[in-house]
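Notes for the structure review
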There are 2 protein chains.
Amino acid sequence: MTLHSKLTQTLMATAIIAVTGGLHAAEPIQPIEPVKEINLALAELGKKLYFDPRLSKSGFISCNSCHNLSMGGTDNLKTSIGHNWQQGPINAPTVLNSSMNVAQFWDGRAPDLKAQAGGPIANPGEMAFTHKLAVSVLESIPGYVTEFKLAFGEDGIDIDKVTDAVAEFEKTLVTPNSSFDRWLLGAKEAITTNELAGYELFKKSGCVACHNGPALGGTSFQKMGVVEPYEAKSPAEGLSAVTGKDADRFKFKVPTLRNVELTYPYFHDGEAETLTEAVDVMGRLQLNKTFSKDENAQIVAFLKTLTGEQPSFQLPVLPPSSDNTPLPKPFE
Amino acid sequence: MTLHSKLTQTLMATAIIAVTGGLHAAEPIQPIEPVKEINLALAELGKKLYFDPRLSKSGFISCNSCHNLSMGGTDNLKTSIGHNWQQGPINAPTVLNSSMNVAQFWDGRAPDLKAQAGGPIANPGEMAFTHKLAVSVLESIPGYVTEFKLAFGEDGIDIDKVTDAVAEFEKTLVTPNSSFDRWLLGAKEAITTNELAGYELFKKSGCVACHNGPALGGTSFQKMGVVEPYEAKSPAEGLSAVTGKDADRFKFKVPTLRNVELTYPYFHDGEAETLTEAVDVMGRLQLNKTFSKDENAQIVAFLKTLTGEQPSFQLPVLPPSSDNTPLPKPFE
């Protein structure tokens, strides 16, 4: 690259930052930024692991089973199905844009994506495996042995490397370029006047107090049921399970509203089947507001502008097991 | 296209046919041909349906759950996991190259891919849904309503169109360009002398009597246990369940050996865990031959040259449900 073209590029980048900063600086929501600084070999390895059911005892459940990237990064079930068809206690949150969360899981018990990734593998109600067994499976697969070496520059597989790779892949799962983000970036025709009215109502009614930032959520823990108590169908206690503080009971991480059109059903117990219902319950229980039918519809119309470009990649082909690979045990 | 270029193309095509015909005319195995005459809109729709768990009662099981295209078109389990974690009676055969089968299922009870595709949806032990309910789910999803209209040129969804689309997608799932096929097409360096020796042994020992043609199988039904009886772990009776003839008991469709390195475990009951074991059992029970360790290894080396290019496509993004979509019932 010549000095001139370098300079031009730098100037253009500065100009873009200045323009976009100017456009949405006053808004409580910012556009999702494209992914930067990805370790590609590590993310490719993580993608395979994300789709590999051999990380479960049964050989049937992968990360993608409950955080399905064909379906908004969720399973679209109230609560998930685990090993031996066990019913999970909570709604599977979307993996999309989860790198922007202040912490992972509804109760925030994992500080980051890497810490989260090991959880379901060893959870007896989910993938029902152990980290040791999962690693022993991977160590027996020649294709993985090579790919871990390529990605980490050294021999050996351990759970730390496994979760590093899965987390790196998950960092790629952002959804930029929604129509709302195009509007934030200056394309005034990107959303309709009805959708814009929904956004104004969303701000004015106080929804943005918690659903703000690039992900419209994911940055704080709030009590479910501020104005009136929420009758949860789930036994989950929320943040208090992590902090031990009674004041944190029923505080859950505010979910992102990005791609919310795809991530039904809603709330930590999955009891709100539609966006209309979710907006109604949130208004009454959190904001002491009963939205009219038209207001509700406007907010829902706005929420649907938050559907971004879904992750787009080739379905990974997994390296085959060897004669030494421990067999899956689906029915034990 | 000019007349000249058309003519050149025709001449070249003829020359290729002549050359390849000449090269492998004498072999009992032919290369897999690339897919021709695909209805792209129909295949794209079928791909979505193939990955859509909403065709099951639970909303959790899709075609891809047991015929996983990341894993050789199988689930790599002895027998599959169905609704409510039911254990299936038989090993899931690979969907790869299944368009070349004379009939579908181990017992051939479906004449073609289209007839097969409806089976698992309505099987109480698999996806546990009904055709009527599956269609009602699809009819409630605006994205599907449009896409069916685009693909079929008319309004309306029925199970006939659903299975048409899935079958069209499955026609694309061929795996050309394995190293053995490159050898068949004239690239003599594509396989090693050891692999070639394995192929010669495979022919000389009689394996090709059943495992022949482009798919190395899929074209006939043969008794499992010709020389000595096979002690099956599966209750499946084979072809007799279709024909009602006692002479057809324990006759199963000869499975393809294409991508056999990926489609473990083996046999209709999935009881052979490795290729070494499968080759040994086949030799003794079908051919009255006990292969030495070296002979077995040579045949296995040959079999691994049959791994072709795996289907390569973007993970489909499924159209979201609407407020009217019937809810999945995973725990009823």
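Basis of the calculations
Residues numbered from 1 in each chain as written. Chains lettered and ligands numbered in written order. Predicted model: local features only at pLDDT ≥ 70, side-chain atom pairs only at ≥ 80, totals over all residues. Heavy atoms only, no water. Helix = DSSP H or I, 4+ residues; strand = E, 2+ residues; numbered from the N terminus. Contact = heavy atoms within 4.5 Å. Buried < 20%, exposed > 50% of the residue type's maximum accessible area, 1.4 Å probe, protein only. Least-squares fit on C-alpha atoms with pLDDT ≥ 70 in both. Phe/Tyr/Trp six-rings, centres within 6.5 Å; stacked < 30°, edge-to-face > 60°. Lys NZ or Arg CZ within 6 Å of the ring centre and 35° of its normal.

Another aspect to go through is the side chain of H268 of chain B. Within the element layout of this structure, H268 of chain B appears in the loop between β4 (251-253) and α11 (275-287). Residues contacting H268 of chain B, with those up to four places away along its chain left out, are I90, N91, W106, M224, Y230, A232, S234, A236 and F252 of chain B.

Moving on, we come to helix α4 (residues 113-122) of chain B. Of all the residues in α4 of chain B, the buried ones are L113, Q116, A117, G118, P120 and I121 of chain B. In this structure, the buried side of α4 of chain B is in contact with α5 (131-139) and α7 (159-171) of chain B.

Once chain B has been moved 0.0 Å along the axis and rotated by 180°, it coincides with chain A to within an RMSD of 0.0 Å. This pairing of chains is accounted for by a two-fold axis. Scanning chain B for the C-alpha nearest the rotation axis identifies Q314 of chain B, at a separation of 2.1 Å. When you check the interface residues of chain B against chain A, 100% turn up at the interface there too, and the contact is symmetric in its surfaces.

This part is about the packing of aromatic side chains. Applying the stated rule across the entire model yields 30 aromatic pairs over all chains. On the numbers, 6.0 Å between centres and 90° between planes, the contact of W85 of chain A with F60 of chain B is edge-to-face. Note that W85 of chain A is positioned in the loop between α3 (63-66) and α4 (113-122) and F60 of chain B in the loop between α2 (40-50) and α3 (63-66), a pairing that runs across two chains. One exposure class covers both W85 of chain A and F60 of chain B, and it is buried. Taking 5.1 Å as the distance between ring centres and 35° as the angle between the ring planes, the aromatic pair formed by Y199 of chain B and F302 of chain B counts as tilted. With Y199 of chain B in helix α9 (residues 193-204) and F302 of chain B in helix α12 (residues 293-303), the pair connects residues that are 103 residues apart, well separated along the chain. Accessibility assignment for this pair places Y199 of chain B and F302 of chain B in one class, buried. Through a chain of ring-to-ring contacts, the aromatic side chains of F180, W183, Y199, F202 and F302 of chain A assemble into a single cluster. A cation over an aromatic ring shows up here: R109 of chain B above the ring of F105 of chain B, its NZ or CZ 3.7 Å from the ring centre.

Take it as geometry only, folks, not as evidence of what the structure does.
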